[in-house]
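Per-entry structural report
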Amino acid sequence: MEPRIALLALLLSAALLSPSPTFAATPLPAPMLATRFHQVGDVAGWLVSEKLDGVRARWDGRRLLTRNGDPIDAPGWFTAGWPARAIEGELWIARGQFQRASDLVRALRRDEAGWRQVRFMAFDLPGDGAMFAQRAQHLRLLVAATNAPTLRAIAQTRVANRAKLDAQLRAVVAAGGEGLMLHRADGHYVGGRSDGLLKYKPVADAEARVIGYRPGQGKYAGQVGALLVEDAHGRRFALGSGLSDAERRQPPRPGQWVTYRYNGLTAKGTPRFARYLRVRTRD
């Protein structure tokens, strides 16, 4: 790297790490929420990353918060050395480990050993007024300069066309991932639902309310065989696939809303191949 470029990178890193005197008085903007993937024309104008199945969280420069602004009881060592800048990301353990991460965040008693497995996978700087391509670069520099083992930046890449995007989606799903996120490269951070942030997954997600249980049989005798649920349209069906042994012993309570996945609808209008994913969370 040329000395002049290296100096500029160092100065930018220092500026990002330096706390602003007015920062503490500046509230976080409302979180930017993704819409489902739709035809976007030239996909080369978007930055693509893996959609991690973690718990979305926000760092306000001093505290770790849920998406709704509730404090998260993370160990002090977990956020030690983090910059006094607003950062958005996912509290993530590994692919397929959402429930473990969620349990840690929601636990009444902090599990220090469990938190050792978690990383804060950062994907945006909500207080940065630049376009996303620049925000992503600023974020990479910020994380690198911080050099905290619990803080990482999610890789953002460009794809040349729709065929390559679909190939990347298939590769992520084959490896156990959920899907992809697309950020419009020239998009600014805007609170609320945005067409500048898309989620691209091979299956649909929906929600339903638990209204009862179907008893288990065989090795699941004495446990829950399936959840009986009702969706917002009044359709009732069972969710048995996807429940862990622990969830069969202690299933979601009647009245709770759960998220499930499915592949289209049957001739009767009920979800095809519906499988339980998780209890719906507001954070």
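Refer to the structure printed above.
The notes below deal with the structure included here.

Moving on to the sheet that holds strand S12 (residues 236–239). Taken together, the five strands give an open sheet; going across it, the order is S12-S11-S10-S13-S14, and neighbouring strands pair in antiparallel fashion. A strand with exactly one partner marks an edge of an open sheet, and here the two such strands are S12 and strand S14 (275–279). Within the sheet, the average angular offset between the axes of one strand and its neighbour, ignoring direction, is 45 degrees. When strand S13 (residues 257–262) meets S14, the two strands line up antiparallel, connected through four bridges. From the neighbouring strand, Arg-261 faces S14, where its bridge partner is Arg-275.

Turning to the pattern of salt bridges, a few remarks are in order. Throughout the structure, instances matching the rule amount to 19 salt bridges. The closest approach of N and O atoms between Arg-209 and Glu-230, which form a salt bridge, is 3.2 Å. Taken together, the residues Arg-209 in strand S10 (residues 204–215) and Glu-230 in strand S11 (residues 224–231) connect sequence positions 21 residues apart. Accessibility expressed as a relative area gives 29% for Arg-209, which makes it partly exposed. Look at Glu-230 and you get buried, because its relative accessible area is 16%.

Here is what the cut-offs are and how they apply
- Residues numbered from 1 in each chain as written.
- Predicted model: local features only at pLDDT ≥ 70, side-chain atom pairs only at ≥ 80, totals over all residues.
- Heavy atoms only, no water.
- Pairing = 2+ DSSP bridges.
- Helix = DSSP H or I, 4+ residues; strand = E, 2+ residues; numbered from the N terminus.
- Axes fitted to C-alpha atoms, helices over the stretch in contact; angles between N-to-C directions.
- Salt bridge = Lys/Arg side-chain N within 4 Å of Asp/Glu carboxyl O.
- Buried < 20%, exposed > 50% of the residue type's maximum accessible area, 1.4 Å probe, protein only.

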